Every structure is written in C-alpha cells, then in structure tokens.
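What the coordinates show
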Amino acid sequence: MTDRYAVIGHPVAHSRSPRIHALFAQSVGHAIEYGLILGEPGHFREAVDRFRAAGGRGVNVTVPFKLDAFELASERTGRATQAGAVNTLAFDGARVIGDNTDGAGLVRDIVRNRGFAIAGKRVLLMGAGGAARGVVLPLLDEQPASLAIANRTADKAQALAQRFATHAIGVRGGGYDAFASERFDLVVNATSASLARQLPAIPEHAFAPEALAYDMVYGEAARPFLMHALGLGASAAADGLGMLVEQAAESFWLWRGVRPPTAPVLERLRADLARAAGSSTDEKIP
Ligand code: NDP
C-alpha cells in the first residue's frame with residue numbers, strides 16, 4: 001500500500017503542502033499519497049486517529065492545531081519540547097513522534113538559501129505566537145550576538161524571552177517601543193499582521209546597514225511589510241516561501257529518512273505564485 005500523509009488544519013484548502021510533498025516524493029522516487037484534512041477545532045485527536053486507522057504514516061499540522069499536536073504526541077523531539085508546539089507527527093506503530101520543523105526551516109532558508117550568516121548578528125524577532133516560539137531556539141543555536149523579541153502584547157514577548165533566561169545569549173522581550181533606540185542586522189516578522197494587510201509597529205531606525213528583513217508570510221501578502229522594511233533602510237528582503245519549503249523538507253526527512261533537494265521545489269512554487277499574481281519571477285520582492 002502507498003504510504004499516506006496529510007496536512008491537517010482549519011482552514012486547510014489553501015495549503016501548499018500537498019504540492020511540495022508531491023514534488024519532493026517525485027524527486028527522490030518515493031511513491032506517497034499526500035492529502036488535506038479539514039480538522040474541526042476541539043476534535044483534532046479524532047481526526048488524527050481516523051487517519052492513522054486508515055493507514056496514515058504522518059501529518060503536518062497547521063493553524064490552529066499545533067498545541068493539540070503537542071499534547072497528542074507520545075514522544076517529542078527536543079526542539080518541539082522547547083517550542084511547546086508540534087507541526088509534524090510521525091506514526092510508528094503505537095508511537096506518535098512530535099517534531100517542530102519551523103525553526104530549522106527558517107534558519108536553513110536564511111543561512112543556506114540566502115547566504116546570510118546569523119552568527120554574531122543582532123536579531124529582532126517580531127511576534128510571540130506559535131511561529132515565534134518555534135524559531136527562538138534554532139535562532140539561538142546560530143550564535144547571534146543578541147536576540148530581542150518584540151510583540152504588540154508586550155508581556156507575551158517578555159514571557160517568551162523569560163523561557164530562555166538561562167541561555168548564554170541574552171534574550172530580551174518587550175513591546176516595540178522597548179527597542180526603539182536599537183539597530184538590528186536581521187529582522188524576522190513572525191506576526192500574522194501581513195495576512196491582515198497590517199504592519200507591525202517596527203521602530204523607524206531598526207535596520208542596520210546590510211540588514212535583512214524576513215517575513216514568514218509569503219507571496220503578495222508579504223510585499224507591504226518587505227517594501228516598508230526596504231524603505232526604512234533594510235538592504236535585502238525575503239518572504240517565507242523558502243521557510244515553508246525547508247520546514248517541509250525537514251518533515252519529509254523525519255518520515256522518509258531522505259532529505260529531498262529543495263531549490264527546484266522552491267523555484268516551482270515561486271513560479272506558481274508569480275503566475276497566480278500575474279507577474280514575473282524576477283522581481284526583487286519577495
Ligand atoms: P499566532 O496567531 O500564534 O500569533 C500571531 C502573532 O502575530 C502574535 O504575536 C500577534 O500579536 C501578532 N500580530 C497579529 N496581528 C498583528 C498586528 N496587526 N500587528 C502586530 N502584531 C500582530 O500565529 P503564528 O505564530 O502561528 O503565525 C504567525 C505567522 O507566521 C502566520 O502569518 C503564519 O502564516 C506564518 N508562518 C509561516 C510559516 C512558513 O513556513 N513560512 C510557518 C509558520 C507560520 P499579539 O500577541 O499582540 O496578538
């Protein structure tokens with residue numbers, strides 16, 4: 001029987017995961033099926049149990065179920081435990097292994113794909129939701145000079161920073177104003193503001209020369225933030241499509257034991273987005 005995987009979310013119809021995993025499977029010669037599961041909030045476990053009973057081998061988990069997936073896992077990787085959220089479940093007999101591949105995806109896209117070393121850099125992470133939580137440790141593992149977490153609701157950023165209080169690299173959290181006098185070399189927008197066509201209250205002088213602005217949101221939705229960042233002096237801007245592909249590759253590796261090449265898949269997705277937006281693929285943004 002062909003191994004079956006799926007992404008579960010609510011909503012889920014927009015997900016690009018089926019396309020990404022089909023391309024991965026094709027490129028490494030694996031036969032898999034990858035589908036969509038529209039989960040009902042409050043009924044995550046039932047949906048996963050049904051999929052497992054029907055032979056499912058693993059799921060990707062998206063909004064709003066990452067905490068449910070964390071609870072459901074019978075064992076968790078260190079990075080999932082640290083994040084307090086799970087975006088990938090692998091089923092192995094009675095075992096349900098929970099992982100969080102978002103942070104690895106972000107770091108790989110920034111460091112490998114963009115050639116931007118995080119080591120020694122001053123990093124500003126905007127947002128303190130599930131996505132931000134998942135990337136703090138992988139960012140710290142790159143040995144930045146410092147990490148500041150700014151959030152609209154300041155105490156959430158403070159609480160997130162507090163979780164890393166004993167880390168060798170100083171992690172500070174607060175509202176956007178708390179960092180108004182500082183410059184950063186890397187600014188990561190881990191808020192969902194771009195999806196609502198809004199901008200986080202990023203301080204005007206946040207960008208150091210040569211700074212990279214990164215929005216986890218991808219495609220057209222990321223454009224206003226990235227344009228704004230360039231206007232404030234960022235020297236480069238990137239959307240989250242590469243993160244999406246890289247976190248998926250990490251899931252694929254967990255499930256299949258093979259790391260698929262990501263560059264051709266990223267190129268195909270970028271072309272899909274450009275076609276959908278009716279534009280060319282060689283624009284500076286995203
Ligand atoms: P959450 O709902 O958990 O958190 C949302 C965060 O955004 C909170 O910190 C919230 O602040 C902040 N926020 C929302 N609206 C605004 C606004 N108008 N101005 C300032 N801050 C705002 O979402 P997630 O953390 O799960 O996801 C965040 C984003 O990351 C999503 O857009 C998601 O699509 C993207 N993402 C991309 C991935 C990729 O692979 N490219 C992977 C995972 C996520 P407050 O606490 O004050 O409400």
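The structure displayed is predicted, hence computed values, not measured ones.

This paragraph deals with the overall build of the protein chain. Along its length, the protein chain carries ten helices and twelve strands. Rg of the C-alpha trace for the protein chain: 19 Å, near the compact-globule value of 19 Å for 286 residues, within the 12% margin. Taking the principal axes of its C-alpha atoms as reference, the protein chain extends roughly 60 × 45 × 30 Å. Looking at the protein chain as a whole, 51% of its 286 residues qualify as buried. With the model as given, the accessible surface of the protein chain reaches about 12500 Å², and the carbon-plus-sulfur share is 51%. The averaged location of the 29 negative side-chain charges in the protein chain is 2 Å from the averaged location of its 30 positive side-chain charges.

Our next topic: the packing of aromatic side chains. Both the distance between ring centres and the angle between the ring planes are used here to describe each pair of aromatic rings. If you walk through the whole model with that rule in mind, you get four aromatic pairs. Here Tyr5 and Trp255 contribute two aromatic rings whose centre-to-centre distance is 4.5 Å and whose plane-to-plane angle is 25 degrees, an arrangement assigned as stacked. Pair noted here: Tyr5 is in strand 1 (residues 3-9) and Trp255 is in helix 9 (residues 241-256), with a separation of 250 residues, a long-range link. A residue is classified by how much of its surface remains accessible, and Tyr5, at 2% relative accessible area, is buried. For Trp255, a relative accessible area of 10% corresponds to the buried category. Of the aromatic side chains, those joined through ring pairs into one cluster are Tyr5, Tyr34 and Trp255. The ring of Phe70 carries the charged tip of Arg76 above its face, separated from the ring centre by 4.0 Å. Here the guanidinium or amino end of Arg259 rests over the ring plane of Trp253, the centre of that ring lying 5.3 Å away.

Two numbers describe how helix 5 (residues 102-113) lies on helix 6 (residues 130-141): the axes approach to 7 Å, and their chain directions differ by 50 degrees. Taken together, the axes of helix 5 and helix 6 are oblique relative to one another. Read as a crossing pair, helix 5 and helix 6 show a hand that is right-handed. Across from Asp102, Gly103, Ala104, Leu106 and Val107 in helix 5, the residues of helix 6 making contact are Gly134, Val135, Pro138 and Leu139. Taken together, the residues of the contact of helix 5 with helix 6 sort by class into six nonpolar, two polar and one charged.

A few words on the confidence of the model for the protein chain. For residues with low pLDDT, the predicted coordinates do not support detailed interpretation. Per-residue confidence for the protein chain gives a mean pLDDT of 95, with 97% of residues at or over 70. Counting interchain partners and residues more than four positions distant, the pLDDT-below-50 stretch residues 280-284 has eight contacts.

Under the definition given, this model contains 15 salt bridges. Where Arg256 meets Asp3, a salt bridge forms, and the shortest distance between an N and an O atom there is 2.7 Å. With Arg256 in helix 9 and Asp3 in strand 1, this residue pair connects regions lying 253 residues apart in the sequence. Among the salt bridges present, the one from Arg172 reaches Glu182, with a minimum N-O distance of 2.8 Å. With Arg172 in strand 9 (residues 171-174) and Glu182 in the loop between strand 9 and strand 10 (184-189), the pair connects residues that are ten residues apart, well separated along the chain. Beyond isolated ion pairs, a larger network of salt bridges with shared partners links Arg79, Asp99, Glu250 and Arg259.

Rules and cut-offs
- Residues numbered from 1 in each chain as written.
- Predicted model: local features only at pLDDT ≥ 70, side-chain atom pairs only at ≥ 80, totals over all residues.
- Heavy atoms only, no water.
- Helix = DSSP H or I, 4+ residues; strand = E, 2+ residues; numbered from the N terminus.
- Rg over C-alpha atoms; globule rule 2.2 N^0.38 Å.
- Buried < 20%, exposed > 50% of the residue type's maximum accessible area, 1.4 Å probe, protein only.
- Areas by Shrake-Rupley, 256 points an atom, 1.4 Å probe, with all protein chains shown as cover.
- Lys, Arg positive; Asp, Glu negative; His and termini not counted.
- Charge placed at Lys NZ, Arg CZ, Asp CG, Glu CD.
- Phe/Tyr/Trp six-rings, centres within 6.5 Å; stacked < 30°, edge-to-face > 60°.
- Lys NZ or Arg CZ within 6 Å of the ring centre and 35° of its normal.
- Axes fitted to C-alpha atoms, helices over the stretch in contact; angles between N-to-C directions.
- Parallel < 35°, antiparallel > 145°, perpendicular 65-115°, else oblique.
- Left-handed = near helix turned anticlockwise from the far one by under 90°.
- Contact = heavy atoms within 4.5 Å.
- Nonpolar A, V, L, I, M, F, W, Y, C, P; charged D, E, K, R; others polar.
- pLDDT = per-residue confidence, 0-100.
- Salt bridge = Lys/Arg side-chain N within 4 Å of Asp/Glu carboxyl O.

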